[in-house]
Every structure is written in C-alpha cells, then in structure tokens.
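Structure at a glance
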Amino acid sequence: PSPPGMTEDPDCAAMRLEVEEARKKLSEETSNKNATKGTISSFRTSNGESMVRASNQLMRDKLKLPGPTLEPHVPAKGRPSKVCGGGAYHHPTQGNCNHTEAQAVDAISWKPAPKSITMVIDYPAIQVDGTVDETKKDWPCTTCKRVLKTACDCGVQILICSDGQKRDFCKDQQKPA
C-alpha cells in the first residue's frame, strides 16, 4: 500500500496482489511455518516476461514454481549468474542462488537484455526473536544487491516497488552512503 495521499502504482499493485495470493495459498496448503516465512517475489521485464519466485524448495513445491537454474560451481568464484548475458557475476554460495532476485535474473532472457526489471519483494524480515526488521523488509539483501547492481551496470533499470511506488534501485546505489 501507498502512503496516505499517494496513489499506488498500478504495476506495483498488480504484482503485490500476485505475491499476496501466493502467500495466502501457502498458508492454506500447509501448517509448516517454514513454508510460509521465506521470500516470495514477482518480477516483470520490459521485454514482457513475468514470473513469481519463492526462496525455498518447500514454498516452490506448494506453489508449483520452478527452482533456480544453476550453472556448475566454479572453484573460488561461486556459481555463474546469467545476469547481463552471463560472465559478469558469480553467486557466492549455493544458498544465494535460491534468493528470489537471483532466480529472476538467471531465469529471464538476456537476448536482448531488458531495458528494465520491475519487482515486488515480499521478504518478511523475521528475526530470531520473532520481530520484524522494518529496515530490511521488502528490500534485497546485501548479496542480492550485488547481482542487481551488476544488472544496473549493464544498463538495466531495476525498479523495486516500495510503499506502492516504483523506486529506482540503480539510482539509489549511486547515492553516497
């Protein structure tokens, strides 16, 4: 939802609805809380591709979603990503390949590369004590920021729906910390 007084971007609203429906389906189909606490994301490219991804296998099984498409591990480098057509980035660990952002950039077509990728990231950010870290909720983790930054460096605009509006991730990465 958008802040009071702002109209929600229609793309963000539609993608948020996809994610909410997936989350609802998960909670109806399983009592296993491990199946419901991972990340679910929706992605759309300027080339017309659209997909929903989930971060763990139990979630993917329940939602009948494909898993990550993995390239062989390269010693001391990690698993190659298909971002920017391949060769520009390596996922540091197997677990990072399962993150929804990594799955999306590895699943989309890079021939031709999209001009933009819009995404809704439904990351619960549940901490060990059960509280939610609002600073991390619905935003990519540090590792996923690196793969998305690689896409930015290839000229792809990354738009992340946050508070119902498209936020330009690439521009955010250029700001001094």
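What counts as what
- Residues numbered from 1 in each chain as written.
- Predicted model: local features only at pLDDT ≥ 70, side-chain atom pairs only at ≥ 80, totals over all residues.
- Heavy atoms only, no water.
- Disulfide = S-S within 2.5 Å.
- Helix = DSSP H or I, 4+ residues; strand = E, 2+ residues; numbered from the N terminus.
- Buried < 20%, exposed > 50% of the residue type's maximum accessible area, 1.4 Å probe, protein only.
- Contact = heavy atoms within 4.5 Å.
- Polar contact = N/O pair within 3.5 Å; in protein donor to acceptor, adjacent residues only side chain to side chain.
- Salt bridge = Lys/Arg side-chain N within 4 Å of Asp/Glu carboxyl O.
- Pairing = 2+ DSSP bridges.
- Axes fitted to C-alpha atoms, helices over the stretch in contact; angles between N-to-C directions.

1. Focus on the state of the cysteines
This structure, assessed with the given rule, holds 3 disulfides. The disulfide bridge from Cys-84 ends at Cys-154, spanning 1.9 Å between sulfur atoms. The sign of the S-S torsion, about 115 degrees, decides the handedness of the disulfide formed by Cys-84 and Cys-154: right-handed. Here Cys-84 is found in the loop between β3 (79-80) and β4 (90-91), whereas its partner Cys-154 is found in the loop between α5 (142-153) and β6 (157-162), with 70 residues between them in sequence. There is a disulfide in this structure between Cys-152 and Cys-170, and the S-S distance comes to 2.0 Å. Torsion about the S-S bond of the Cys-152 and Cys-170 cystine: about -85 degrees, corresponding to left-handed handedness. With Cys-152 in helix α5 and Cys-170 in helix α6 (residues 169-174), this residue pair connects regions lying 18 residues apart in the sequence. For the pair Cys-152 and Cys-170, one class covers both residues: buried. Sequence-ordered numbering of the bonded cysteines in the protein chain gives a pairing of 1-5, 2-4, 3-6.

2. With respect to the environment of Ser-42
If you trace the backbone, Ser-42 turns up in strand β1 (residues 40-45). Taking the C-alpha atoms as reference, Ser-42 lies 7.0 Å from Glu-18; in sequence the two are 24 residues apart. Not counting the four nearest positions on each side in its chain, Ser-42 is found in contact with Met-15, Glu-18, Val-19, Met-51, Val-52, Thr-118, Met-119 and Val-120. A distance of 2.4 Å separates a polar atom in the side chain of Ser-42 from a polar atom in the side chain of Glu-18.

3. Things to note about the pattern of salt bridges
Under the criterion given, the structure shown has 8 salt bridges. For Lys-166, the salt bridge goes to Asp-9, with nearest N and O atoms at 3.8 Å. With Lys-166 in strand β7 (residues 165-168) and Asp-9 in the segment before α1 (10-29), this residue pair connects regions lying 157 residues apart in the sequence. Between Arg-23 and Asp-122 there is a salt bridge, with the nearest N and O atoms lying 2.9 Å from each other. With Arg-23 in helix α1 and Asp-122 in strand β5 (residues 116-122), the pair connects residues that are 99 residues apart, well separated along the chain. We note that Arg-23, like Asp-122, is buried. One continuous salt-bridge network, built from bridges that share partners, spans Asp-9, Asp-11 and Lys-166.

4. Structural notes on the sheet that holds β7
An order of β2-β1-β5-β6-β7 is seen for the 5 strands of this open sheet, with the pairing classed as mixed. The strands lining the two open edges of the sheet, one partner per strand, are β2 (50-54) and β7. Put simply, the sheet's adjacent strands are angled 25 degrees from each other on average, direction ignored. Bridge analysis of β1 against β2 gives 5 bridges, and the strand direction is antiparallel. The partner of Phe-43 across the bridge, within β2, is Met-51. Against the sheet, helix α4 (residues 100-107) makes contact with β1, β2 and β5, and its axis sits at roughly 145 degrees relative to β2, the strand it touches most.

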